[in-house]
Amino acid sequence: MNRLEVWRTAARVHTLPAAVVPVLVGSGLAYGQDVFRWDAFAWALLGALSIQVAANFANDASDARRGADTSDRLGPPRMVATGAVSSRQMWMATWIAIGVAAVAGVALTIIAGWLVLLVGVSSIVAMLGYVGGPAPYGYRGLGEVFVFVFFGVVATVGSRYVHDMTAPLAAWLLAMPVGLLVTAILVANNYRDIDTDRRAGKKTLAVILGRESTRVVFASLVLGAFVAIAVFAVAGWLPITTLFCGFLLPFAAVPIRIINNRTDGPALIRALKATARLHLWVGMILAAAVAFTL
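Description of the structure in this document. Here the residue numbering is sequential within each chain, running from 1 through the sequence in written order. Totals for whole chains, interfaces and linings use every residue, but because this is a predicted model, local features are given only for residues with pLDDT of at least 70 and side-chain atom pairs only at 80 or more, for both listing and counting. To get the side-chain values, all heavy atoms of the structure are used, and hydrogens and water are removed first.

## Here's the deal with the environment of Ala107
Logical step 1: Helix and strand definitions follow DSSP, with helices as H or I runs of at least four residues and strands as E runs of at least two, each counted in order from the N terminus. Within the secondary structure, Ala107 is located in helix α4 (residues 87-112).
Logical step 2: For each residue, the accessible area found with a 1.4 Å probe, counting protein chains only, is set against the maximum for its type, and the residue is called buried under 20%, exposed over 50%, and partly exposed in between. Note on Ala107: relative accessible area 13%, which makes it buried.
Logical step 3: Note: C-alpha distance between Ala107 and Thr204 (97 residues apart in sequence) is 35 Å.

## Considering helix α7 (residues 169-192)
Logical step 1: A helix is expected to span 1.5 Å multiplied by its residue count minus one. Here α7 spans 36 Å end to end across 24 residues, near enough to the 34 Å set by a 1.5 Å rise per residue.
Logical step 2: Counting buried positions along α7 yields 21 of 24 residues, so the element is predominantly enclosed.

## With respect to the nonpolar core
Logical step 1: What makes a nonpolar core is a set of buried Ala, Val, Leu, Ile, Met, Phe, Trp, Tyr and Cys residues whose side-chain atoms join them at distances within 4.5 Å. Residues Val222 and Val282 are the most contacted members of the largest nonpolar core, which totals 73 residues.
Logical step 2: With 15 residues, the top contributor of residues to this core is α7.
Logical step 3: Not counting the four nearest positions on each side in its chain, Val222 is found in contact with Leu181, Ala184, Ala252, Ile256 and Leu278.
Logical step 4: Formed by twelve residues, the second largest nonpolar core is a distinct cluster that contains Ala40, Leu108, Ile111 and Val162. Contacts are assigned to residue pairs that have any heavy atoms within 4.5 Å of one another.

## Here we look at the packing of helix α3 (residues 38-65) against helix α6 (residues 143-164)
Logical step 1: The interhelical angle for the contact between α3 and α6, taken along N-to-C directions, is 155°, at an axis separation of 9 Å. With respect to their mutual orientation, α3 and α6 come out roughly antiparallel. α6 is crossed by α3, and the crossing has right-handed handedness. Where α3 approaches α6, its residues Ala40, Phe41, Ala44 and Gln52 are matched on the opposing element by Phe151, Val162 and His163. Axis geometry follows a simple rule: fit a line to the C-alpha atoms, using only the stretch in contact for helices, then measure angles between N-to-C directions, giving values from 0 to 180 degrees. Angles below 35 degrees are treated as roughly parallel, those above 145 as roughly antiparallel, those between 65 and 115 as roughly perpendicular, and all remaining angles as oblique. In this scheme, a crossing is called left-handed if the near helix is turned counterclockwise away from the far one by less than a right angle; it is called right-handed if the turn is clockwise.

## Here we look at the layout of surface pockets
Logical step 1: Looking at the largest pocket, its volume works out to about 850 Å³.
Logical step 2: Mapped onto the lining of the largest pocket, the elements with two or more residues apiece are α2 (17-32), α3, α5 (114-131), α6, α7, α8 (194-200) and α12 (265-293).
Logical step 3: The element that contributes the greatest number of residues to the lining of the largest pocket is α12, accounting for seven residues.
Logical step 4: Whether a set of points on the 1 Å grid over the protein atoms alone is a cavity depends on a 1.4 Å probe fitting there but being unable to get out, while an open set qualifies as a pocket with protein on both sides within 12 Å along at least five of seven lines; lining residues are those with an atom within 4 Å of a point. Grid points are joined across faces, edges and corners, and a volume is the space filled by probe spheres set on the points. Space inside the second largest pocket adds up to approximately 720 Å³.
Logical step 5: Val116, Val119, Gly120, Ser123 and Val154 are, among the 36 residues lining the second largest pocket, the residues nearest its centre.
Logical step 6: Mapped onto the lining of the second largest pocket, the elements with two or more residues apiece are α2, α3, α4, α5 and α6.

## Some remarks on a nonpolar patch on the surface
Logical step 1: Patch membership requires more than 30% relative accessible area and the absence of a salt bridge. Residues of like charge join within 9 Å; the nonpolar side chains Val, Leu, Ile, Met, Phe, Trp and Tyr join within 5 Å. Only the protein chains shown count as cover for residues, with accessible areas throughout obtained via the Shrake-Rupley method and a probe of 1.4 Å. Only one rule defines a salt bridge in this text: a Lys or Arg side-chain nitrogen within 4 Å of an Asp or Glu carboxyl oxygen. On the surface, Trp43, Leu46, Ile96, Val100 and Val103 cluster together into a nonpolar patch covering about 410 Å² of accessible area.
Logical step 2: For the nonpolar patch, the secondary-structure elements that each account for two or more residues are α3 and α4.
Logical step 3: Among the elements that line the nonpolar patch, the one with the most residues is α4, at three residues.
Logical step 4: Mapping Ile96 onto the fold places it in helix α4.

## Topic: the packing of aromatic side chains
Two aromatic rings are characterised by how far apart their centres lie and by the angle between their planes.
Logical step 1: Only the six-membered ring of Trp is used, alongside the rings of Phe and Tyr, when aromatic pairs are assigned; centres must lie within 6.5 Å, and planes under 30 degrees apart are stacked while those over 60 apart are edge-to-face, with the rest tilted. Taken as a whole and assessed by the stated rule, the structure comprises eleven aromatic pairs.
Logical step 2: Between Tyr31 and Phe36, the ring centres sit 5.9 Å apart and the planes meet at 70°, which makes this aromatic pair edge-to-face.
Logical step 3: Given the relative accessible area of 22%, Phe36 is considered partly exposed.
Logical step 4: Pairing Phe146 with Phe151 gives two aromatic rings, centres 5.9 Å apart and planes at 75°, and the pair type is edge-to-face. Each of the two residues, Phe146 as well as Phe151, counts as buried.
Logical step 5: A network of ring pairs unites the aromatic residues Tyr31, Phe36, Trp38, Phe41 and Phe292 as a single cluster.
Logical step 6: Here, a charge over a ring means that NZ of Lys or CZ of Arg falls within 6 Å of the ring centre while also lying within 35 degrees of the ring normal. Its guanidinium or amino end placed over the ring of Tyr191, Arg211 lies 5.0 Å from that ring's centre, counting from NZ or CZ.

## Notes on the packing of α2 against α7
Logical step 1: The contact between α2 and α7 brings their axes to 10 Å, and the two run at 165°. Comparing the axis directions of α2 and α7 gives the class roughly antiparallel. Regarding α2 and α7, the two cross each other, and that crossing is right-handed. Along its contact with α2, which presents Ala18, Val21, Pro22, Val25 and Leu29, the element α7 presents Ala170, Ala171, Leu174, Val178 and Val182.
Logical step 2: Each residue receives one of three labels: charged for Asp, Glu, Lys and Arg, nonpolar for Ala, Val, Leu, Ile, Met, Phe, Trp, Tyr, Cys and Pro, and polar for the others, Gly being one of them. By residue class, the composition of the contact of α2 with α7 is ten nonpolar, no polar and no charged.

## What to know about the environment of Arg160
Logical step 1: Summarising the element assignment, Arg160 is placed in helix α6.
Logical step 2: When the C-alpha atoms of Arg160 and Met127 are compared, they prove to be 21 Å apart, with 33 residues separating the residues in sequence.
Logical step 3: Setting aside its immediate chain neighbours within four residues, Arg160 contacts Gly26, Leu29, Ala30, Gln33, Val35, Thr166, Pro168 and Ala171.
Logical step 4: Between N or O atoms, a polar contact is any pair within 3.5 Å; within protein, one atom must be a potential hydrogen donor and the other a potential acceptor, and residues adjacent in sequence are included only when both atoms are from side chains. Among the polar contacts listed, one links the side chain of Arg160 to the side chain of Asp164, at a separation of 2.6 Å.

## Considerations on the environment of Gly210
Logical step 1: Tracing the sequence through the fold places Gly210 in the loop between α9 (205-209) and α10 (211-234).
Logical step 2: Given a relative accessible area of 15%, Gly210 falls into the buried group.

Taken by themselves, the reported measurements are silent on function.
Pasting the structure below:
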């Protein structure tokens, strides 16, 4: 593996759509409400991607230090644990990514005011506390809360706010399905790693709940996103065109079925990828629906 591939793997490029989706949805809403700004969109996208990459780098380094990434884990290789990158190098890369996010945050603060800076700093602190520090909450079953709040609500509403410094009700409603599905991605990931995380003492929500209850949580998150969209659309709070997301329900059944019936690594990896694709597809439909029908 050459150096480019090493850092590409460390950045976990396949996870980056999770950062893109809330920006697309929030900015799509801004476009539909005639307040869209290209500069706000570009800086918000850069900031979201930078924080996601920083989180992936920090997770790689922190999990290696705590012994959570062993040779028998089912996911892609971690670069610090395999020795491809030193811990010092990974933390340097983490802070570079945070620096890029900070530049984006300053630009957005100039555009939309000090509240954006406060949100950005809170996001970075929360990201570093996920697996870092003396009491990482990602090791205490609280990772899903962090992901729902910051990669769902904060990212979606914030991406709408930076266009005109308002956060209409529609932004908060759209954040619900976005947050539920991005949280489902983390649950699928932790379900895959439940055995190795348990041995390493990493108490994710999946480890705490066990397989059966985690299956229920996963299905509830995925299906709950579609229920939320349906309720909001039928109530008239979101455009009726958001109901086009319903055409994706057959694809939602795929990861649910896998997680309910399989425990082998390759199948669980497929479930994780299917959940990530579903999150992206739902986000794209929501963004288009609110951009062109409000």
